[in-house]
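Close look at the chain arrangement
Each chain, letter by letter, is given below.
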Amino acid sequence: MLSVNRENTVRQDHSPYFIKSIRNRWNDFLIKHYFSKNFEHLGKHPMIIGPLATKVLGNNITAGDFLHLVSYRDNPVRFTTWQGKDMAGHIHIGNHCLFAPGTIIASAASIVIGNNCMFAADCYISDSDWHGLYNRVRAFRCTKPVVLKDNVWIGHGAKVGKGVTIGENSVVAAGAIVVKDVPANVVVGGNPAKVIKKLNPRRHRLNRDFMFRDAEKNQYEQQKLQRYLAGSNTFFGWLRAIFLPRKTD
């Protein structure tokens, strides 16, 4: 039998502000008491949409302040480390990083992600081939650490393989396959990825940390926005839109 989320069948969010507030508090509870327990360390002010949908598997996974993550049950974000003979994965995520749905970070050695890095939907980062060319029974001599330096942006569906270092401020275009080091301040694309544009390192750049320099103000502005978007929504109007939606909803 097909399962349908009725709230997702309407065009607008008819929730009154107090319903949004209840959802936010419940989400904060899930982050604190469930999501955060999956990390060796999780920094302050994580902003997680879909904390129970996110898959955090294995040890040695740490994340810095203001982790921003969007995960859905049918397209979860996954952080995975593998431990075993000749294998001990580590994932370290810096401050102010953003992960979109479907992104997979899988480590058998070490993946270090700098500050202000952004990952569009369905990215894949791995430090291992997981099977050797000749020994296909286990991951043996087929791992090399991956490093993404500060302000790296990985585009939709891009993949980064073992042993790769991506320099500061560089961008990996959508769908690119990165198998060699990427210098700082460039855009790479294609399969295998090559430099297609150089960025001006002296040009002023706004990074994600700019949005969170005043955390309390940012939170206040988010609450103001939610209250504004809720507008004149009412409890009974919300229920009506769920159970008796109109075309204009």
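To start, this report covers the structure provided alongside it. (Residues numbered from 1 in each chain as written. Predicted model: local features only at pLDDT ≥ 70, side-chain atom pairs only at ≥ 80, totals over all residues. Heavy atoms only, no water.)

**Here's the deal with the overall build of the chain**
What the chain contains, in helices and strands, is three helices and 22 strands. A principal-axis box enclosing the C-alpha atoms of the chain has dimensions of 65 × 50 × 35 Å. A burial count over the chain gives 39% of its 249 residues as buried. Looking at the chain alone, contacts between residues at least 24 apart form 37% of all its contacts between residues at least 6 apart. In the form shown here, the chain has an accessible surface area of approximately 15200 Å², with 55% of it arising from carbon and sulfur atoms. Computed over 34 positive and 18 negative side-chain charges, the separation of the two mean positions in the chain equals 5 Å. (Helix = DSSP H or I, 4+ residues; strand = E, 2+ residues; numbered from the N terminus. Buried < 20%, exposed > 50% of the residue type's maximum accessible area, 1.4 Å probe, protein only. Contact = heavy atoms within 4.5 Å. Areas by Shrake-Rupley, 256 points an atom, 1.4 Å probe, with all protein chains shown as cover. Lys, Arg positive; Asp, Glu negative; His and termini not counted. Charge placed at Lys NZ, Arg CZ, Asp CG, Glu CD.)

**A closer look at the state of the cysteines**
In the structure shown here, the tally under the stated rule is zero disulfides. Not engaged in a disulfide, the cysteine Cys97 finds its nearest cysteine sulfur in Cys117; these two sulfurs lie 4.8 Å apart. On the basis of relative accessibility, which here comes to 0%, the residue Cys97 falls in the buried class. (Disulfide = S-S within 2.5 Å.)

**Points about the layout of surface pockets**
Approximately 1800 Å³ is the volume found for the largest pocket. Contributions of two or more residues to the lining of the largest pocket are made by helix 1 (17-33), strand 2 (47-49), helix 2 (215-230) and helix 3 (235-243). Among the elements that take part in the lining of the largest pocket, helix 1 stands out by supplying twelve residues, more than any other. Residues of the lining of the largest pocket, tallied by class, amount to 17 nonpolar, 15 polar and eight charged. (1 Å grid on protein atoms, 1.4 Å probe; cavity = no way out; pocket = protein on both sides within 12 Å on 5 of 7 lines; lining within 4 Å. Points joined across faces, edges and corners; volume = space filled by probe spheres on them. Nonpolar A, V, L, I, M, F, W, Y, C, P; charged D, E, K, R; others polar.)

**Quick look at the pattern of salt bridges**
As a working rule, side chains carrying opposite charge can pair if their charged atoms are close by. Under the counting rule described, the total for this entry stands at three salt bridges. Where Asp129 meets Lys162, a salt bridge forms, and the shortest distance between an N and an O atom there is 2.8 Å. You can see Asp129 sitting in the loop between strand 14 (124-126) and strand 15 (146-148) and its partner Lys162 sitting in the loop between strand 17 (159-160) and strand 18 (165-166), a full 33 residues away along the chain. Through salt bridges with shared partners, a single network forms among Asp13, Lys20 and Arg23. (Salt bridge = Lys/Arg side-chain N within 4 Å of Asp/Glu carboxyl O.)

**Considering the environment of Lys198**
Among the structural elements, Lys198 can be located in strand 22 (residues 194-198). Residue Lys198 is classed as exposed on the basis of its relative accessible area, which comes to 68%. What Lys198 contacts, discounting residues up to four positions off in sequence, is Asn185 and Val186.

**Quick look at the packing of helix 1 against helix 2**
Interhelical geometry of helix 1 versus helix 2 gives an angle of 140° and a closest axis separation of 9 Å. Of the possible angle classes, the one that applies to helix 1 and helix 2 is oblique. In contact with Tyr17, Lys20 and Asn24 of helix 1, helix 2 contributes Gln223, Gln226, Arg227 and Ala230. (Axes fitted to C-alpha atoms, helices over the stretch in contact; angles between N-to-C directions. Parallel < 35°, antiparallel > 145°, perpendicular 65-115°, else oblique.)

**What to know about the sheet that holds strand 19 (residues 171-172)**
Backbone-to-backbone hydrogen bonds pair the strands of a sheet. The strands run either parallel or antiparallel. Spatially, eight strands are ordered 2-5-10-13-16-19-21-22 in an open sheet, and the strand pairing comes out mixed. Each edge of the sheet is formed by a strand with only one pairing partner; in this case those strands are strand 2 and strand 22. Relative to strand 10 (residues 98-99), strand 5 (residues 68-70) is paired through two bridges, and the arrangement is parallel. If you follow Leu69 over to strand 10, its bridge partner there is Phe99. (Pairing = 2+ DSSP bridges.)

Keep in mind that these numbers describe shape and distance, not what the molecule does.
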